[in-house]
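Here are the chains, one letter per residue:
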Amino acid sequence: MLTYQVQPKGAVSPGINTCQGCMIDVIFRNVLDVMGPDTVLVIPPGCAAQFSGCGPEASVTVPGIQGNLENSAAIASGIANGFRHQGNDHTQVVVIAGDGGTVDIGLQSLSGAMERNEDIIYICYDNEAYMNTGVQGSSSTPFAASTTTTPAGKPVNAKDLISIVMAHRVPYAATASVADIFDLRRKVQKAKETKGCRVIHIMSPCPTGWGYPSAKTVEVAREAVRCGAWVLMEYENGAIKLGRKPEELGQPQKYFALQKRFCGAGEEEIAKMGAFLTERYEYLEKLAQL
Ligand SMILES: Cc1ncc(C[n+]2csc(CCOP(=O)(O)OP(=O)(O)O)c2C)c(N)n1
Ligand code: SF4
Ligand SMILES: [Mg+2]
């Protein structure tokens, strides 16, 4: 278990070892600020483990555990059930896990927790690769992105996590972005006020793995939303609600140009990606109208 440290301000200590411009830090600070001190964290290995810390010291003021990459949702389910058996119906158990620990290695665990509608909040910060171990491609890595395991660009599209989540008919799910912190905080607040298995998928740009200057993180996040590479949406009581329509839907040129990981993408890949983004958004639009 992590040790409890009182920090002068906020739930996260100043001076975390994440890279400059890393958005995991912003995500942790905002999530914990909204959730408050009556929260227990579950953090698997990955870049987020900088917050559970090395050895007996943690960088967060709430208690928690760093578990395994494959079973964060199961660990959280166990803790939440333990609390409920003790008559504690107020402490929130929150997972903050990377994409590798969510869409690949921990997917069975998350699927089981969603099926059982465990009373947990599962947050996936998505930097679209296994960053902590050297930028290996994950099933969240987008088409055409270069990683150390897809040096010529990933030949297939990313898994659609939010659709997988919606197929489990959880009470609340949402996507969010550091491009709109107020929207992100509102969605965390909504999850906090909902019972059952809640899932939030947050895009977390990574200057180190995506290849852009650290000062451009928010710009990159904004461009992802503008071209539809990241769709802001909510899923509540079986209904989908989309955020504002991407201004440049299906035109990922600017988004690609900002990042070295797409430097191998030529006209053909850009057109293919553009068509995919448009098709996916239009599909979600149809679902939202049902
Ligand atoms: C079962 C298992 N396989 C591999 C590892 C090694 N490992 C530790 S962190 C990590 C990367 C996790 O990637 P992600 O969940 O996307 O988080 P990120 O590092 O990108 O923040 C890997 C592969 C592990 N801890 N457990
Ligand atoms: S590798 Fe990427 S995700 Fe990991 S700490 Fe650095 S910027 Fe953040
Ligand atoms: Mg990752």
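Residues numbered from 1 in each chain as written. Chains lettered and ligands numbered in written order. Predicted model: local features only at pLDDT ≥ 70, side-chain atom pairs only at ≥ 80, totals over all residues.

## Details of the pairing of strand 8 (residues 239–242)
1) Next: Pairing between strand 7 (residues 233–236) and strand 8: four bridges, direction antiparallel. Across the sheet, the residue bridging to Glu-236 is Ala-239, located in strand 8.
2) Next: The antiparallel hairpin formed by strand 7 and strand 8 contains two residues in its connecting segment, where Asn-237 sits at a positive phi of about 50 degrees. (Pairing = 2+ DSSP bridges. Helix = DSSP H or I, 4+ residues; strand = E, 2+ residues; numbered from the N terminus.)

## Notes on the site of ligand 2
1) Next: Around ligand 2, the surrounding shell consists of Thr-18, Cys-19, Cys-22, Ile-24, Cys-47, Asn-127, Met-131, Asn-132, Cys-206, Pro-207, Thr-208 and Gly-209.
2) Next: Top contributing element to the shell around ligand 2 by residue count: helix 8 (residues 207–210), with three residues.
3) Next: Looking at the shell around ligand 2 residue by residue, the classes come out as seven nonpolar, five polar and no charged. (Near = placed C-beta within 6 Å. Nonpolar A, V, L, I, M, F, W, Y, C, P; charged D, E, K, R; others polar.)

## Examining the environment of Val-225
1) Next: Within the secondary structure, Val-225 is located in helix 9 (residues 217–227).
2) Next: Overall, the presence of 23 C-beta atoms within 10 Å leaves Val-225 in the buried class.
3) Next: Along the sequence, Val-225 and Gly-209 sit 16 residues apart, while their C-alpha atoms lie 19 Å from each other.
4) Next: Apart from residues no more than four positions distant in its own chain, Val-225 is found in contact with Ser-177, Ala-179, Trp-230, Leu-232 and Pro-246. (Buried ≥ 20, exposed ≤ 12 C-beta atoms within 10 Å, placed from the backbone. Contact = placed C-beta atoms within 7 Å.)

## Some details on the sheet that holds strand 6 (residues 198–203)
1) Next: With mixed pairing, eight strands are arranged side by side in an open sheet as 2-1-3-4-6-5-7-8. The open sheet has two edge strands, strand 2 (64–66) and strand 8, and neither has a second partner. With strand direction ignored, the average angle separating the axes of adjacent strands in the sheet is 15 degrees.
2) Next: Of the strand pairs in this sheet, strand 4 (residues 121–126) and strand 6 are connected by six bridges, and their pairing is parallel. From the neighbouring strand, Cys-124 faces strand 6, where its bridge partner is His-201. (Axes fitted to C-alpha atoms, helices over the stretch in contact; angles between N-to-C directions.)

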